[in-house]
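Chain by chain, the residues run as shown.
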Amino acid sequence: MSSHREAPEIAKDPVADSTDLYAFVSPDSPGTVTLIANYIPLQNPAGGPNFYEFGDDVLYEIHIDNDGDARPDITYQFRFTTHLRNQDTFLYNTGPITSLDSPNWNRFQTYTVTRVEHGGRQTVLGKDLMCPPCNIGPLSTPDYPALANEAVHRLGSRKVFAGQRAEGFYVDLGSIFDLANLRPFQSLQVFAKAMNFQNAPGVDSTKELNVHSLALQVPVDELTQGCWNGKDVDNPHAVIGVWTTASRRASRIIEQGRGKDSESGPFVQVSRLGNPLFNEVLVPMARKDEWNALPPADDKRFASYVAKPELAGLLPVLYPGVFPNLEALDQSGKPRADLLAILLTGIPKGVVPGFENFTGPTEADMLRLNVAIPPAAKPNILGLIGGDPAGFPNGRRVFDDVVTVELRAIAGLTYALVDKSFTPDAAAGEITDGLDSSSPENPYLSRFPYLGVPYDGYHHPAS
């Protein structure tokens, strides 16, 4: 999955587990950029009586690098406080929740958003902002879209939302992690072929699940170096790097006989996310927790896993005869300059005509967004490899098919961009897990916060 339970330690701490990160020029407000960081993976909608919520003890942050050093120049911090109206009931709500100030809503959260600039200047953008409740069911949350709209707060020229959303990431998780099986091509997979598996459509493992989202829409010139806001795609000020982190206090004491913990000390990073699937697929298991604890500026120590990805060597073995050119490339020992550019430096000018999102030589896992590229009139879910420069890996939109894009890149489709003598295998341009974003059961929104209305537990009692 993009970054759901991707490392041993963070899998035990879902409240701090970053699942997906998105950054794109807002299609309905092109003068702004939307940043979305999702947390708390794989939420079953019927999650009562203790429904999902952000951690009061977690520092959530979305970081922006606008000078190419992979260190934050601007950070948006989110801190949460949980409130309990009635100490004598076990219920999340005691009647229908029809507004954010409903007395029937017993356990609710508020939050503060703070902008931190390089050098330490801090500005509180909003405080005591209300989260919406979780979507419980037709009796408890009879008009959930209205509650969610009420929880979209305007902070001057910005918008912010923090709360539950429908999972927007789609992946055939059960098949992919069953020895890298891809259902649409499983008749060619060495183990599936031995069991006479026939090709089949992909299955969305995250269907009808929810997440918690931090969503922020801000003017372009609030993010770029020198408040740049131009139309020149080749201007180095047009590209920003984005990543999200979650941090906890360094010390935790479990207080005997009280059922509570106390925490102290500085905040220590326990989770981060830039490009989808980076830690999930590229970093070996023995180093995944280390990766989560480090800043992007230290990612040079992981570059070898991008230059020679394990999956690129496995595909020819699992699909014999399907990827001969990839096999030859892998055995040659040549570093994957295409993947290093896509994931660690951005794509320089001249590689893809009319496009670049290069941030400089510092190797760092960040989403890189060229803010001078306008939203596409007719988006392609394959983003740049589908001829749509407004999509991944130019940032990431909520509907982009990042699994297919990264599978095809690892399979060698993009290597020809840096080595004209290389011919990608025919399968590299066809490889997919068989899913796209067209499911009517999880419609995305055309407006902020873009991810769909979360599923409720009454209509979706099990995933």
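For the structure, check the block above.
The notes below deal with the structure included here.

## Digging into helix α8 (residues 324-332)
Reasoning step 1: For α8, the complete set of buried residues consists of L326, L329 and D330. Projection of α8 onto a plane perpendicular to its axis shows the buried side chains occupying an angular sector of 100°, all on one side.

## Regarding the pattern of salt bridges
Reasoning step 1: Enumeration according to the criterion identifies 22 salt bridges in this entry.
Reasoning step 2: K308 is the salt-bridge partner of D330, the closest N and O atoms lying 3.3 Å from each other. With a gap of 22 residues between them, D330 in helix α8 and K308 in the loop between α6 (303-307) and α7 (310-318) connect regions that are remote in the sequence.
Reasoning step 3: By relative accessible area, K308 is classed as partly exposed at 46%.
Reasoning step 4: When the shortest N-O distance is used, the salt bridge between R397 and D388 registers 2.8 Å.

## Some thoughts on the packing of aromatic side chains
Reasoning step 1: Within the structure shown, the criterion is met by 14 aromatic pairs.
Reasoning step 2: Note on Y60 and F80: the rings are 5.7 Å apart at their centroids and 85° apart in plane angle, and the pair reads as edge-to-face. One end of the pair, Y60, is in strand β3 (residues 59-65); the other, F80, is in strand β4 (residues 74-84), and 20 residues separate them in sequence. With respect to burial, Y60 and F80 carry one shared label: buried.
Reasoning step 3: Through a chain of ring-to-ring contacts, the aromatic side chains of Y39, F54, Y60, F78, F80 and Y111 assemble into a single cluster.
Reasoning step 4: The ring centre of W291 lies 3.8 Å from the NZ or CZ of R272, which sits over that ring.

Parameters at a glance
Residues numbered from 1 in each chain as written. Predicted model: local features only at pLDDT ≥ 70, side-chain atom pairs only at ≥ 80, totals over all residues. Heavy atoms only, no water. Buried < 20%, exposed > 50% of the residue type's maximum accessible area, 1.4 Å probe, protein only. Helix = DSSP H or I, 4+ residues; strand = E, 2+ residues; numbered from the N terminus. Arc of directions from axis to C-beta. Salt bridge = Lys/Arg side-chain N within 4 Å of Asp/Glu carboxyl O. Phe/Tyr/Trp six-rings, centres within 6.5 Å; stacked < 30°, edge-to-face > 60°. Lys NZ or Arg CZ within 6 Å of the ring centre and 35° of its normal.

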